[in-house]
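# Chain and residue survey
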4 protein chains.
Amino acid sequence: MENRDVLGVAVIGTGKMGADHVRRIQQVTSGARVVAVVDVDRERAELVAGRVDGCTAYTDPVAAMASTDVDAVLIASPGAAHEAALLAAFSRDLPVLCEKPLTPDAASALRVLEAERRLGRRRVQVGFMRRYDAEYLKLKSLLDTGQLGRPLMLHNRHRNLASPPWWTSAMHINDSVVHEMDVTRWLLGQEITAVTVLFPRPSGNAPEGLQDPQFVVMETDGGALVDVEINVNCGFGYQVQAEVVCERGTARIGDGQDMVVSTAGRWGGTIAQDFIERFEDAYDREVQAWVDATRRGEVTGPSVWDGYAVAAVCEAGVRAQREGRRVEAELVEKPALYD
Amino acid sequence: MENRDVLGVAVIGTGKMGADHVRRIQQVTSGARVVAVVDVDRERAELVAGRVDGCTAYTDPVAAMASTDVDAVLIASPGAAHEAALLAAFSRDLPVLCEKPLTPDAASALRVLEAERRLGRRRVQVGFMRRYDAEYLKLKSLLDTGQLGRPLMLHNRHRNLASPPWWTSAMHINDSVVHEMDVTRWLLGQEITAVTVLFPRPSGNAPEGLQDPQFVVMETDGGALVDVEINVNCGFGYQVQAEVVCERGTARIGDGQDMVVSTAGRWGGTIAQDFIERFEDAYDREVQAWVDATRRGEVTGPSVWDGYAVAAVCEAGVRAQREGRRVEAELVEKPALYD
Amino acid sequence: MENRDVLGVAVIGTGKMGADHVRRIQQVTSGARVVAVVDVDRERAELVAGRVDGCTAYTDPVAAMASTDVDAVLIASPGAAHEAALLAAFSRDLPVLCEKPLTPDAASALRVLEAERRLGRRRVQVGFMRRYDAEYLKLKSLLDTGQLGRPLMLHNRHRNLASPPWWTSAMHINDSVVHEMDVTRWLLGQEITAVTVLFPRPSGNAPEGLQDPQFVVMETDGGALVDVEINVNCGFGYQVQAEVVCERGTARIGDGQDMVVSTAGRWGGTIAQDFIERFEDAYDREVQAWVDATRRGEVTGPSVWDGYAVAAVCEAGVRAQREGRRVEAELVEKPALYD
Amino acid sequence: MENRDVLGVAVIGTGKMGADHVRRIQQVTSGARVVAVVDVDRERAELVAGRVDGCTAYTDPVAAMASTDVDAVLIASPGAAHEAALLAAFSRDLPVLCEKPLTPDAASALRVLEAERRLGRRRVQVGFMRRYDAEYLKLKSLLDTGQLGRPLMLHNRHRNLASPPWWTSAMHINDSVVHEMDVTRWLLGQEITAVTVLFPRPSGNAPEGLQDPQFVVMETDGGALVDVEINVNCGFGYQVQAEVVCERGTARIGDGQDMVVSTAGRWGGTIAQDFIERFEDAYDREVQAWVDATRRGEVTGPSVWDGYAVAAVCEAGVRAQREGRRVEAELVEKPALYD
């Protein structure tokens, strides 16, 4: 009874992203559980469902949504299937997390928009996950303070190690730059009004016939200019960088450093003000690790031996302070239990 | 029924750390819930319990642990109360996450150790949370590969903005350097054998009579030398840095950069190899944000309007690619729902 | 006699750049001295000449070049005067360092080119000084090794604190981006074939009517794409950055760090291999400081007291090593001479 | 005649450092030339002298100093020979730049000190060249402003790739840490009062019997605590780092970044305020390169072709600005002269 507020989620699509979301909801997310998975491939749906206690496999999204266990829907099926799933969720008034793209083209997206508008309230969160990245969030926070003035330009780098065999030049836009399009709109709070795409001579690492890298220039209704290097065969890793140039300074993320701000004659980042800010993630991970191990019937992490050894060293340390000399720490023999 | 594997946790102590752990288990941790809180201050216990569905307040840890709802115990009471709580948990065979310090001194820690040894299996995870910090974990992983060779020295900086009024010179050791003691033992896999504490002339920012900063030198049974600057009135923030000097290179964390390794004529860090590695936290936060909003009856984050607008810009982008020219993006009027 | 190989230089133009070059040749450069200065403003020419032993003031470049003392010519007059001065130097076969721009437009530059071509050998070094900057040189060296593969794109940032009152939008190109044009050609070894200039909405810091910042896109005959943010009212300082994106990695300069290379899963820079590499500039400065002080009749820098004090501390250090304990260093009283 | 103010220098010792100083004075330093070189090895002295116009070889320092050409003395002979050479220079009242160490021990250094004190004015600059390093100078300047408050601690790292075969444990102090001793005294303006040396277990890269690395702790009469990691077989390069911890912040150099300051909640460095500050070294190098090439009878660097090509691209750029479109740049055919 006390758990009735745990959200029952139906995950539609059990491909790479869908299966990963099932794992995430079960093992990482607080307050939700997967009660249904849907895939046109029944076998795969059953395989995934079988790994989750109390989870049912479906091949039809509508059937899954009809279950009383389902409180919310996560759509991770191929883009072409999104529209139907969204409309089905609307008809049952279910909240939806829909992986990007919302739908494969503007016309279908507009139909979904119309349907939601008729509902009169928002039901959908679209999966533009960069808005939840710690670095982008920091950048957005800084811009929102207004202390750097109005944004004038946004420079982006988006690099992948290598493109898969089925990659096309259009996917540079639809699958990659789509993220910078959303980021631009979100960071600047402006709509994009025009796009130009420029092509340097393709890299020798790009498959024959693929236009890679590309350089995309976008204009916004706020007069900002946005450029994106999209480079899907950069050969060295996955790298996403963004620099916003404002009237009184610039801020940059993604360089292997904290956000670096250039303003008033200085470049650099911020220093945490207390241990909570610095180690909050560590506390979260610590408790999760304990819960996970306990549920598996194990005990992991720092042991009583560690607690004891540190206590003994502390005593030596305090004596060293007091007596102004080197003090040796003495430990009992370590019990086999802690090997 | 399907939730019987959700861990029922009793949180002992509802001070700052305890209350924060209650919040964490309810809102962040997956697979656990707080079913009991304990505090000698009944009012405070009831206040905290009242915020959690199905949670009972206790003043006596033993009574709480007797509840059949309680599967595990998180001890966040003052250090002096830890030993009794630990032994009570042992007597009920309950797994424990015990905030540091394990107990206030080596003698009592040894009693706990003996008790657990008699149980014949580990029941306790001690709250040395730096072992769960992403940067320390990266450093540990690198050391464990052995590619830098044997660790020779470990340099640490531990700085706090300002010390609270009740802070004493001994707390530099017992409350602050205690973390570097554990980190040393964990990172190097060696025990500390001797401690020396050196005192520069105190900072003008330190309260009268406080020996601050201090410089602690520790030796290990593996022959490593460890130094710690502990500086609790540094005046500019909270900063924790560590550099391990090995036979073939050094690795440093906490500098406002990723872990920086110096080896083979180069300094620098690593680049993620795919978007999962780079944006895993963003996905986790995205789904958590959706679950949290949904449980509150809200919809937040990227909207259908965002999905539609990006689809329209993508279409302009692909046309721009194909036609080799600047293409304007056209959007319908934005419905009020998305303002 | 033994100095006849010291180059006698005529400096034409004694404005800000010219006067600074006179100072440089006299006080910084080895193997040259200023024997003539030329300015249409006789008073200014005489003022500058008066500060240099054995230097004559002229108002006519041709007259200066006729002097037998003059072995070489440095042109730092306004651009419009360059062509005549260059041709005069050619007629006397004098080598020239000509401040940029070579001449104010392509037609006049072409006439100079023709004249030099007729001479049959190069006489002119043009003052594109970025080619002598340590960071750009490092970047060029790396590109020339070929280890990053062919350059695909070059991203540039060029920012000034604030523009002077007489600045025009065309000067963004002619006075600022002119540097990136040369840098592009030099770094990539390619000619620029096309230019596009884009305008975001001007910064609130730009004077009314000035198009600032601007975004310049250039194409090269090697198929590379080059972009330049030129931002002459950035408000926070002077910042010049360049990132070359090659087939197997990128290299970036100007970020307040050494050159940072991203390749093969790592970002970072290089570490010097010996103290000469690390401290060569320090040695140069040390000896120059000694020569300068000596010529002024002074002695500065580390004193005999410093040499003695360090020797005494070394002795304490070696004893501390040998005896495994803290050793105090004893100094005699410091003579007043060294206060 | 006009060159009589060019300093005539006698360089004593023509080993590695001495020969390098000869090269430096001839090719880098402004206002000085080498008129005498001295070495007990006559052949070597003559070899080095033979490379310099108007330079005489000597085997006896006293004889060299007797020459009327000699205005100043640079001592780069082995340390044991310094005292005699210094006293000889004193007797002729010649200014001296003496490589470190001043003399091999405190007693002999004291004799030199006494001799100079009797002269009543300083004659010697000791070769502690770190005081002339750009990064250390920046650190010193910052400390001298007082804005970070009083220095409390100074952390140093001093790492060499590998030690030569004849290196001894005492040389860690006398040849390496000697630099940090001087740096400490100079940066902090305090004398060192005590030294302790600690030994971790030696690195596997250190030759058998060598105590490497070492950790040196020094105390100053101003109450500051100084630590030095001296690590002469670090295996990856030459690295010198220093961090001063003051009452209100810290400043660090040597990390492959500009000086990084942590204060008031921020870490980072400064941005140049104009192009002179940013490119001063480039201008110096540019003019020196021109003088050097001209003296060799060559012309190097950016050519008239470069000047012309950039002028043509500028014209295309300005037209692109004005017409709001992509404009192609047209160049004449490149004459063979510029290939």
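Treat the numbers as computed from the prediction; the structure is a model and nothing was measured. (Residues numbered from 1 in each chain as written. Chains lettered and ligands numbered in written order. Predicted model: local features only at pLDDT ≥ 70, side-chain atom pairs only at ≥ 80, totals over all residues.)

This brings us to the interface of chain A and chain C. Facing the 33 residues of chain A at the interface are 33 residues of chain C. For the side of chain A that touches chain C, the secondary-structure elements that each account for two or more residues are strand E7 (151-159), strand E9 (214-220), strand E10 (225-231), strand E11 (239-246) and strand E13 (260-263) of chain A. Of the residues contributing to the side of chain A that touches chain C, the split by class is 13 nonpolar, 14 polar and six charged. (Contact = placed C-beta atoms within 7 Å. Helix = DSSP H or I, 4+ residues; strand = E, 2+ residues; numbered from the N terminus. Nonpolar A, V, L, I, M, F, W, Y, C, P; charged D, E, K, R; others polar.)

Taken domain by domain, chain A holds domain 1 (7-127), domain 2 (131-268) and domain 3 (302-339). Once you take the C-alpha centre of each, domain 2 of chain A and domain 3 of chain A turn out to be 51 Å apart. (Domains from an automatic or database assignment.)

Structural remark: α-helix, 3.6 residues per turn; residues separated by three or four positions point the same way. The end-to-end C-alpha distance of helix H1 (residues 16-27) of chain A, which contains 12 residues, comes to 16 Å, matching closely the 16 Å that a straight helix rising 1.5 Å per residue would cover. Considered for burial, the residues of H1(A) that qualify are Gly18(A), His21(A), Val22(A), Arg24(A) and Ile25(A). All buried residues of H1(A) lie within an arc of 165 degrees about the axis, which places them on one face of the element. In this fold, the buried residues of H1(A) make contact with strand E1 (7-12), strand E2 (32-38), helix H2 (42-50) and strand E4 (72-75) of chain A together with helix H8 (275-295) of chain B. (Expected span 1.5 Å × (residues − 1). Buried ≥ 20, exposed ≤ 12 C-beta atoms within 10 Å, placed from the backbone. Arc of directions from axis to C-beta.)

What follows is about the relation of the copies chain A and chain C. When chain A is brought onto chain C, the operation consists of a screw motion whose angular component is 180 degrees and whose axial shift is 0.0 Å, with 0.1 Å RMSD remaining. Both chain copies can therefore be described as sitting about a two-fold axis. (Least-squares fit on C-alpha atoms with pLDDT ≥ 70 in both.)

A word on the sheet that holds strand E4 (residues 72-75) of chain D. A sheet is described by the order of its strands in space; here six strands give the open sequence E3-E2-E1-E4-E5-E6 (chain D), paired in parallel fashion. Both outer strands of the open sheet, strand E3 (56-58) and strand E6 (124-127) of chain D, are each paired with one neighbouring strand and no more. Looking at each pair of strands side by side, their axes are set apart by 25 degrees on average, direction ignored. Two elements, strand E1 (residues 7-12) of chain D and E4(D), share four bridges in a ladder whose sense is parallel. Looking across to E4(D), one finds that Ile12(D) is bridged to Ile75(D). Contacts between helix H8 (residues 275-295) of chain C and the sheet are confined to E1, strand E2 (32-38), E4, strand E5 (96-99) and E6 of chain D, with E1(D) contributing the most and set at about 130 degrees to the helix. (Pairing = 2+ DSSP bridges. Axes fitted to C-alpha atoms, helices over the stretch in contact; angles between N-to-C directions.)

Turning next to the packing of helix H1 (residues 16-27) of chain C against helix H8 (residues 275-295) of chain D. Here H1(C) crosses H8(D) at 65 degrees, and the two axes come no closer than 11 Å. Here H1(C) is positioned roughly perpendicular relative to H8(D), judged by the angle of their axes. The handedness of the crossing between H1(C) and H8(D) is right-handed. Judged by residue contacts, His21(C), Arg24(C) and Ile25(C) of H1(C) engage Tyr283(D), Asp284(D) and Val287(D) from H8(D). Residue composition of the contact of H1(C) with H8(D), grouped by class: three nonpolar, one polar and two charged. (Parallel < 35°, antiparallel > 145°, perpendicular 65-115°, else oblique. Left-handed = near helix turned anticlockwise from the far one by under 90°.)

This next bit is on the relation of the copies chain B and chain A. Relating one copy of the chain to the other requires a rotation about an axis plus a shift along that axis. Once chain B is rotated about the relating axis by 180 degrees and shifted along it by 0.0 Å, it coincides with chain A to within an RMSD of 0.1 Å. Counting the interface residues of chain B, we find that 100% of their copies in chain A are interface residues as well, pointing to one common contact surface.

Turning to the sheet that holds strand E3 (residues 56-58) of chain C, a few remarks are in order. Sheet strands pair by backbone hydrogen bonding; their relative direction is either parallel or antiparallel. All names here are of chain C. With parallel pairing, the six strands of this open sheet are ordered in space as E3-E2-E1-E4-E5-E6. The strands lining the two open edges of the sheet, one partner per strand, are E3 and strand E6 (124-127). Sheet twist, expressed as the average angle between the axes of neighbouring strands with direction ignored, equals 25 degrees. Where strand E4 (residues 72-75) and strand E5 (residues 96-99) come together, three bridges link them in parallel fashion. Bridge pairing links Leu74 to Leu97 in E5.

Taken residue by residue, the interface counts 120 residues in chain B and 120 residues in chain A. Take the side of chain B that touches chain A: its biggest share by element is 17 residues, from helix H9 (residues 304-323) of chain B. For the side of chain B that touches chain A, the per-class residue count stands at 65 nonpolar, 28 polar and 27 charged. Note: strand E8 (residues 192-198) of chain A against strand E15 (residues 327-328) of chain B, two bridges, orientation antiparallel. For Ala194(A), the partnering residue across the bridge sits in E15(B) and is Glu328(B).

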